[in-house]
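For reference, the chains in residue letters:
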Amino acid sequence: MRTLFTLILCIFVYSGALQAQSMSDEQIIQYVQQGQMSGKSQTQMVTELASKGVTPDQLQRIKKKYESSQGTTGTSGKVASTSRTRSAASGTTPPASKAGGQLTTGFYDELYTGFMDSTQIDSIKNAGPQIFGHNIFSNRNLTFEPNVNIATPVNYQLGPGDQVIIDIWGAYQNTFTETISPDGNINITNLGPVYLNGLTVAEANTYIQRKFSSIYSAAGVGESAKIKLTLGQIRTIQVNIMGEVSVPGTYTLSSFSSVFHALYSAGGVSDIGSMRHVQVMRDGKLKAELDIYDYILNGKFSNDIRLMDGDVLIVRPYDCLVTVTGNVKRPMIYEMKTTESVAALLSYAGGFTGDAYNKSIRLTRKSGRERQMFNVDEKEYASFKLTDGDSLSVDSILNRFENRVEILGAVYRKGLYQLSDEVNTVKKLINKADGVTGDAFLNRAEITRLHEDLTLETIPVNLRGILDGTSADIPLQKNDVLYVPGIHDLQEEGILTIHGEVALPGVYPYARNTSLEDFVVQAGGLLESASTVRVDVARRIKDPKSTRVNREVGETFSFSLKDGLIVDGTQGFVLLPFDEVYVRRSPGYQEQANVAVTGEVVFGGTHALTVKNERLSDLVKKAGGLTPEAYPAGARLIRKMNEEEQARMERTLKMAKQNSTAKDSIDLDALDMETNYPVGIQLEKALEKPGSDFDLVLREGDRLIVPQYINTVKINGEVMYPNTVLYQKGKRLKHYIHQSGGFGPRAKKSKVYVVYMNGTVAEVSGGSSKAIQPGCEIIVPSKPEKRGMTTGEILSIGTSTASLGAIIASMITLFK
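Please read all numbers here as calculations on a predicted model, not as lab measurements.

Comments concerning the overall build of the protein
So, point 1. Within the protein, the secondary structure is distributed over 19 helices and 40 strands.
So, point 2. Sorting the 816 residues of the protein into buried and exposed places 37% on the buried side.
So, point 3. Residue pairs at least 24 apart in sequence account for 63% of intrachain contacts in the protein once pairs closer than 6 positions are excluded.
So, point 4. Only carbon and sulfur atoms are counted for the fraction: they give 51% of the accessible area of the protein, which is about 47200 Å².

Structure below.
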């Protein structure tokens, strides 16, 4: 039980658990007791408590609660015992009083010893990862706990505290369960004390059978009775763990425990502890010496002996630590024996990686005065001995090839090849690449050769002569690159371009003997809007032998088409590379243009324009005229932006963003730019004088809205109460302002304006009654807010003025 709470506390301190408390103190005590009774392992209970949020502070608080209830202060916070005892056995009964659920003082003393000082904790946390093998005893998933559920080993030595079970069957049946007393005896009815201390299980079986034979012979049973001794509950032993371990001290362990379990209980070896010479002393003599590397690297348990009561484990300081870095599979710090060589170190490190330079190793040694450098060759690995502080570095291989050649260009299998007896000339390399392709330019290939001094050389190759045997083959060297050009690589790649009224305008690769008709078909054919009387072909001027500047920049051919064929007698006009074809738009092709009218008209909806200069009055006629309820003075027109207007708006917005501050640019990004805008019209005058300037010319997308008569007026802006009131003919601006409670305190009275229903805007001057129309909206703008100067600003201006005056006075004095 002591070991359980000690392990709980240690593991929580190691991991620094900061989970929220989720169990009360009483629940923790009850959980441990129930887990002990149900046979849960220590590791299982520690893991479950950690997942439930139990912390080391909570465990320490349980002890303080008990001390305060008993009136104790705990002296200086240390345990009276000089030895720091740890319990790692789980076979004892928890020292708890079931009445009230309180634990005894002894339990709290043992619990308090689990709180190791910060120096020891840091030593355990920082040990291992840097030195190979040190982390094996700090792994929570590798506890080395003895298995108590196995058959009793026949070589197990019995001792005080062990429980033995003697089964008798046959002619006479009985069972005896006894615990070996401190003096080494068990007491059998009708037989008396039987001394078993120090006997193995096999020896105890023989001895018990001999002892019981006298009883059964007297009873006339004879040899028909069978007797067997087995082990029940096992005892605990005390082992002293000394030397370079994380937490040295006296530990109470299971009698099945081995050396590895003892080292795990002590937190493993320290930073300077040796894993190659762990000694077990028994009765003052060396019983065994363990090399933990044998277990880690080879899985050997042969030296992991079972401990006896009173054994002493001694972990001495290491003899030799060696660092290996670079291209090995496990670069770390390794503990070496003084008799081991570089070959053993490489074996511990897992050997070389695939890209390691394994012919030589660089070794740095601390000689006592200065450092020394050694280059250990491959033949010296097995004989070169290592000393403490040595550092080995394994380099990587050079980033180049010793037997590579490459072929590129017009061959079937371009790429890298091995330079060997089969591939060591130009002809052999081409044959290995399955030969040249049909477009290969055989008159001249080239080899790019890298020399040992890292200079490059280009070697010309008459490939045609080498292949037909008229020229000598050229030997290859390592890292040679053979390039076989293609005829298309030696000239600019040709293209054809088509513009205008075809289904798929764009750029196409050039193909020989492509006619104009073929190219039009390749581009998807003519669109409905294409002109068949004018198709142009532009051709560039090419004269590579010219010695003067030509004023002509191009040549143009024009053709007429009918059913996709040229009709001017030049059928089959063949295009050349880089020709550009222009299919014009027919001037007689016009798509439908629609406008809309809504509101108070007879036939509202969408109407098609029939002529380019169709006007407002024409649209009203198409719509059947106005209804009696129509209010033409309030009619308005909504126009859709064309491409040019949208582009202009985008340019303006872009310039505004470039010239604005960071805050303003954010505001501009949030703007929702509409693609429709209102146009101020006067429909009454347009209908009175059709064709006049008031009769606006329509364009596609226009939408005319003819409202009903509205006899209200809106007042907004800097007024006391924005309002909507009845229109009264002849009333001036002052009347409507009064209807809204008068001007506001920051009203800009001289800049009042009116927005009319037809989209026009007018300034109200002199309070004219004609400016106010039915359905309009009066806007009263506001003056900018005035901000008074602070005392600091006034003082700053005064100081600046005084400084300026002093400068002017100095200048006047200077120029006198």
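Past the structure itself, the notes keep going.
Examining the sheet that holds strand E26 (residues 530-539)
So, point 1. With mixed pairing, the five strands of this open sheet are ordered in space as E25-E24-E30-E26-E27. The open sheet has two free edges, formed respectively by strand E25 (506-509) and strand E27 (555-559), since each of these has just one partner strand. Taking each pair of neighbouring strands and ignoring which way they run, the sheet shows an average axis angle of 20 degrees.
So, point 2. Here E26 runs beside strand E30 (residues 580-585); their pairing, made up of five bridges, is antiparallel. Bridge pairing in E30 places Ala530 opposite Arg585.

Remarks on the pattern of salt bridges
So, point 1. In the structure shown here, the tally under the stated rule is 18 salt bridges.
So, point 2. Residues Arg365 and Asp390 are paired through a salt bridge, measuring 2.8 Å at the closest nitrogen-oxygen approach. Of the two residues, Arg365 sits in strand E16 (residues 360-366) while Asp390 sits in the loop between strand E17 (371-377) and strand E18 (391-394), which places them 25 residues apart along the sequence. Neither residue differs from the other here; Arg365 and Asp390 are each classed as buried.
So, point 3. Salt-bridge contacts for Arg449 lead to Asp480; the nearest nitrogen and oxygen are separated by 2.7 Å. Residue Arg449 is located in strand E21 (residues 445-450), and its partner Asp480 is located in the loop between helix H12 (463-468) and strand E23 (481-484); the two are separated by 31 residues in the primary sequence.
So, point 4. Of the residues examined, Asp480 reaches a relative accessible area of 2% and is grouped as buried.

Observations concerning the sheet that holds strand E36 (residues 712-717)
So, point 1. Spatial strand order, E37-E36-E40-E38-E39: five strands in an open sheet with mixed pairing. The sheet is open, and its two edges are formed by strand E37 (723-726) and strand E39 (761-763), each paired on a single side. Shown here is a sheet whose adjacent strand axes are inclined to one another by a mean of 25 degrees, direction ignored.
So, point 2. Pairing geometry for E36 and E37, over four bridges, is antiparallel. Its bridge partner lying in E37, Thr712 is registered against Leu726.

Details of unusual backbone geometry
Most peptide bonds take the trans form, and the phi angle of most residues other than glycine is negative.
So, point 1. Located in the positive-phi region is Asp434, a residue other than glycine, with phi close to 65 degrees.
So, point 2. Structurally, the position occupied by Asp434 is in the loop between helix H11 (426-432) and E21.
So, point 3. Judged by its relative accessible area of 45%, Asp434 is partly exposed.
So, point 4. One non-glycine residue with positive phi stands out, namely Asn513, at about 65 degrees.

Description of the pairing of strand E6 (residues 185-188)
Both faces of the sheet carry side chains from a regular strand, because those side chains alternate between them.
So, point 1. Bridging between E6 and strand E7 (residues 192-195) involves four bridges; their strand directions are antiparallel. Residue pairing for E7: Asn187 is matched across the bridge by Pro193.
So, point 2. Between E6 and the antiparallel strand that follows it, E7, lie three residues; Asn190 among them carries a positive phi value of about 70 degrees.

Some words on a nonpolar patch on the surface
So, point 1. Residues Leu450, Leu454 and Leu456 make up a contiguous nonpolar surface patch of about 330 Å² in total accessible area.
So, point 2. Locating Leu450 in the fold gives a position in strand E21.

What to know about the side chain of Ser529
So, point 1. Assignment of secondary structure puts Ser529 in the loop between helix H13 (516-522) and E26.
So, point 2. Sequence-distant contacts of Ser529, defined by excluding residues within four places in its chain, comprise Glu501, Arg584, Arg585, Ser586 and Tyr589.

Examining the packing of aromatic side chains
So, point 1. In this structure the tally under the stated criterion is ten aromatic pairs.
So, point 2. Pairing Phe374 with Phe384 gives two aromatic rings, centres 5.7 Å apart and planes at 65 degrees, and the pair type is edge-to-face. In this pair, Phe374 is assigned in strand E17 and Phe384 in the loop between E17 and E18, connecting sequence segments ten residues apart.
So, point 3. Here the aromatic cluster, defined as three or more aromatic residues joined through ring pairs, consists of Phe132, Tyr293, Tyr334 and Tyr348.
So, point 4. Directly above the ring of Phe578 sits Arg540, whose terminal nitrogen or CZ lies 4.0 Å from the centroid.

A short note on the nonpolar core
So, point 1. Phe137, Val259, Leu263, Leu307, Leu313, Tyr334 and Leu392 are the most contacted members of the largest nonpolar core, which has 50 residues in total.
So, point 2. The element best represented in this core is helix H8 (residues 259-265), accounting for five residues.
So, point 3. Leave out the neighbours within four places in its chain, and Val259 touches Val278, Val280, Leu290, Asp304, Ile305, Leu307 and Leu313.
So, point 4. Grouped together as the second largest cluster of nonpolar side chains are 21 residues, Ile430, Ala433, Leu442 and Ile466 included.

Regarding the pairing of E16
So, point 1. Where E16 lies against E17, seven bridges are found, and the strand directions are antiparallel. Looking across to E17, one finds that Ser360 is bridged to Asp377.
So, point 2. The loop that links E16 with its antiparallel partner E17 comprises four residues; one of these, Gly368, has a positive phi angle of about 110 degrees.
So, point 3. In terms of strand pairing, E16 meets E18 through three bridges, oriented antiparallel. Directly across from Arg362, in E18, lies its bridge partner Ser393.

Some words on the confidence of the model for the protein
So, point 1. Overall, the predicted model of the protein reaches an average pLDDT of 79, with 75% of residues at or above 70.
So, point 2. Here residues 7-21 scores under 50 on pLDDT; set against residues more than four positions off or in separate chains, the count is 36 contacts.
So, point 3. Here residues 72-129 is modelled with pLDDT under 50, and outside its nearest four sequence neighbours on either side it reaches 108 contacts, counting other chains as well.

Brief notes about the environment of Pro587
So, point 1. Within the secondary structure, Pro587 is located in the loop between E30 and strand E31 (594-599).
So, point 2. Overall, Pro587 belongs to the exposed group, its relative accessible area being 75%.
So, point 3. On a C-alpha basis, the gap between Pro587 and Ser531 in space is 7.8 Å, while along the polypeptide they are 56 residues apart.

Thoughts on the side chain of Asp695
So, point 1. With respect to the element layout, Asp695 can be found in the loop between helix H17 (683-688) and strand E35 (703-706).
So, point 2. Notably, Asp695 is buried but unbridged: the nearest opposite-charge side chain belongs to Arg615, and the N-O separation is 4.8 Å.
So, point 3. Ignoring sequence-local partners within four residues, the contact set of Asp695 consists of Arg615, Leu616, Ser617, Ala686, Lys689 and Pro690.

Describing the environment of Val194
So, point 1. On the secondary structure map, Val194 appears in strand E7.
So, point 2. As a C-alpha pair, Val194 and Gly184 span ten residues in sequence and 8.3 Å in three-dimensional space.

Side note on the environment of Lys414
So, point 1. Tracing the chain through its elements places Lys414 in the loop between strand E19 (404-409) and strand E20 (415-418).
So, point 2. In sequence terms Lys414 and Ile430 are 16 residues apart; their C-alpha atoms lie 9.3 Å from each other.
So, point 3. Within the structure, the side chain of Lys414 is placed 3.3 Å from the backbone oxygen of Gly409, a separation counted as a polar contact.

Comments concerning a positive patch on the surface
So, point 1. Together, Lys748, Lys749, Lys751, Lys783 and Lys786 make up a region of like positive charge exposed at the surface.
So, point 2. Tracing the backbone through its elements, the reader meets Lys783 in the loop between strand E40 (777-780) and helix H19 (791-814).
So, point 3. Owing to a relative accessible area of 44%, Lys783 belongs among the partly exposed residues under this scheme.

Cut-offs used in this document
Residues numbered from 1 in each chain as written. Predicted model: local features only at pLDDT ≥ 70, side-chain atom pairs only at ≥ 80, totals over all residues. Heavy atoms only, no water. Helix = DSSP H or I, 4+ residues; strand = E, 2+ residues; numbered from the N terminus. Buried < 20%, exposed > 50% of the residue type's maximum accessible area, 1.4 Å probe, protein only. Contact = heavy atoms within 4.5 Å. Areas by Shrake-Rupley, 256 points an atom, 1.4 Å probe, with all protein chains shown as cover. Pairing = 2+ DSSP bridges. Axes fitted to C-alpha atoms, helices over the stretch in contact; angles between N-to-C directions. Salt bridge = Lys/Arg side-chain N within 4 Å of Asp/Glu carboxyl O. Patch = residues over 30% accessible without salt bridge, like charges linked within 9 Å, V, L, I, M, F, W, Y side chains within 5 Å. Phe/Tyr/Trp six-rings, centres within 6.5 Å; stacked < 30°, edge-to-face > 60°. Lys NZ or Arg CZ within 6 Å of the ring centre and 35° of its normal. Core = buried A, V, L, I, M, F, W, Y, C linked by side-chain atoms within 4.5 Å. pLDDT = per-residue confidence, 0-100. Lys, Arg positive; Asp, Glu negative; His and termini not counted. Polar contact = N/O pair within 3.5 Å; in protein donor to acceptor, adjacent residues only side chain to side chain. Charge placed at Lys NZ, Arg CZ, Asp CG, Glu CD.

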